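This is what each chain is made of:
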Amino acid sequence: MYKESFLMAWASLIANKLRSLLTMLGIIIGVAAVIALVSIGNGVKQDIEDSISSLGSNLLVVLPGAPRTPGARSSQGSMKSLKISDYEAIAKLEGVKAASPMTNGSYVVIYQNKNWTTSVAGVNANFQDVNNWTMTSGRFFSDKNVQNRERVAVVGQTVVKNLFADEDPVGKEIRVKNIPFRVIGVLKSKGNGTMGNDQDDTVLIPYTTSMERVEGIDYLRRVYVVAKDDEGIDRLQADIENLLRVRHNIKDTNLDDFNIQNMKSIMETVAQTTGTFTLFLGAVAAISLVVGGIGIMNIMLVSVTERTREIGIRKALGATYSVIVTQFLIEAVVISLMGGIIGIILGIGSSKLIGMASGMSTVISIPTIGMSFAFSMAIGLIFGIYPARKAAKLNPIDALHYE
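Sequence order sets the numbering: in each chain, residues are counted from 1 along the sequence as written. Where totals are concerned, whole chains, interfaces and linings use all residues; where local detail is concerned, this predicted model gives features only for residues with pLDDT of at least 70, and gives and counts side-chain atom pairs only at 80 or more. Derived side-chain values reflect all non-hydrogen atoms in the structure, with water molecules and hydrogen atoms excluded from consideration.

The name given to the protein in an unreviewed UniProt entry is ABC transporter permease, with the source organism recorded as Veillonella hominis. UniProt positions are given in the numbering used here, feature names are shortened, and annotations may be inferred rather than shown by experiment. We quote the UniProt Sequence similarities (unreviewed entry) comment for the protein here in full: "Belongs to the ABC-4 integral membrane protein family."

This is the structure:
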């Protein structure tokens, strides 16, 4: 019976190709939209997580924070409360794998007759490992370079492109605030960061040189700290907080003059936020599936009216209520099934096209495809019930006299 019902449903679709396609259109658009939008959301999530994880999930960033004074609180990084002695004390804590202080500012960097405004950051020799930087040529500066306050620099790919073009920067001399620096290495490209900033638009120099010769300051902008393992990062954060409170004579935690960013916590927050965003996109797209289900119901009601005579003959020959219901339900499910298959193909194709055209990452999710397909079939089943029951309740005598 089921095989015959399926064949009859298929024959009905083939006999009315255009109407069948228009009926499927809502399901096709709905499934394709769900797959495409969710793949975009997953791609955004993946990009953000990759950008954060490139810094390391076991990374802590210590920033000078709010002053211990009444009134408005200053923004993170705007204070002068973080000293070199604080960094040295933090680096000695148990659980610290590596640490690097940082000073940074925006300066015009000059090479021969070219100039480029970029971020000039003062760091130590550990910074390469702390921020997972790799070199394409040359080397990173050493502890000796830092201790001797040497005028050496490592440059990012954006700086290379704008200042050196096709030249090899290693060994060349650049000037920062009219102070000459010798380029000893070139960083491998990292691309944009989590906030859309160009991570390659940077020049790294020893922090001792930066503080004394370039910026003329005696405080740090931040301190990067890498924990030995992910499990101990929360304990290490608590240890750093306690250490800085003791060193800065802070008794009320509400008056901390520092702030610590935990990359692990940030990654968890980002994952939760982007997951909600992706779910919202999928839910919005799923509305068109419901609209497609209403279209199926409307066409099935029209089909019942057109086939009243056929239904009457089938019932007169002994077709039961359940047989008629099954026949029309199978027709509705076949329509939604075909629409789901076409929608999956279009959804995957459109996801790839969007990625290629916009440069965005798109991640096609197999579970999303499966759920979309199952939901499309469920829509056909749910919205096909009313027309099927209406067909099954027709009186055979009335049906045979229907004009």
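Let's talk about the pairing of strand S2 (residues 96-111)
Strands qualify as paired when DSSP identifies two bridges or more between them. Secondary structure is summarised from DSSP: a helix means a run of H or I of at least four residues, a strand means a run of E of at least two, and numbering begins at the N terminus for each. Bridging between S2 and strand S9 (residues 222-227) involves 6 bridges; their strand directions are antiparallel. Paired with Val96 across the strands is Ala227, a residue of S9. As paired strands, S2 and strand S3 (residues 114-123) are joined by 9 bridges and run antiparallel to one another. Looking across to S3, one finds that Asn104 is bridged to Ala121. With 2 bridges joining them, S2 and strand S6 (residues 173-176) adopt antiparallel strand pairing.

Details of the layout of surface pockets
A volume near 270 Å³ is recorded for the second largest pocket. Only protein atoms enter the 1 Å grid used here. Points where a 1.4 Å probe fits but cannot escape make up a cavity, open sets with protein on both sides within 12 Å along at least five of seven lines make up a pocket, and a residue lines them when an atom lies within 4 Å of a point. Lining the second largest pocket are Val34, Val38, Thr278, Leu279, Gly282, Ala283, Ala286, Leu289, Thr368, Met371, Ser372 and Phe375. Of all the secondary structure elements, the ones that give two or more residues to the lining of the second largest pocket are helix H2 (17-53), helix H9 (263-306) and helix H12 (366-392). For the lining of the second largest pocket, the leading source of residues is H9, giving 6 residues. For this classification, Asp, Glu, Lys and Arg are treated as charged, while Ala, Val, Leu, Ile, Met, Phe, Trp, Tyr, Cys and Pro are nonpolar and the rest, including Gly, are polar. Within the lining of the second largest pocket, the residues separate by chemical class into 8 nonpolar, 4 polar and no charged. Grid points are joined across faces, edges and corners, and a volume is the space filled by probe spheres set on the points.

Some details on the UniProt feature "transmembrane region" (unreviewed entry) in the protein
Mapped onto this numbering, the UniProt entry annotates "transmembrane region" (unreviewed entry) at residues 21-41, 277-302, 323-348 and 360-386. Secondary structure across residues 323-348 comprises 100% helix and 0% strand; the distance between its end C-alpha atoms is 37 Å.

Remarks on the environment of Arg151
With respect to the element layout, Arg151 can be found in the loop between helix H5 (143-147) and strand S5 (152-155). Separated by 29 residues in sequence, Arg151 and Pro180 place their C-alpha atoms 6.9 Å apart. Contacts: residue pairs with any heavy atoms within 4.5 Å of one another. Setting aside residues no more than four positions away along its own chain, Arg151 makes contact with Ile179, Pro180, Phe181, Arg182, Thr209 and Arg213.

A word on helix H7 (residues 207-215)
Most of H7 is tucked away, with 7 of its 9 residues classed as buried. Here the term buried applies to any residue with accessible area under 20% of the maximum for its type, exposed to any over 50%, and partly exposed to those in between, with areas from a 1.4 Å probe on protein chains only. Here H7 has its buried residues at Tyr207, Thr208, Thr209, Ser210, Met211, Val214 and Glu215. In the stretch just after H7, Gly216 is the one whose phi turns positive, near 65°.

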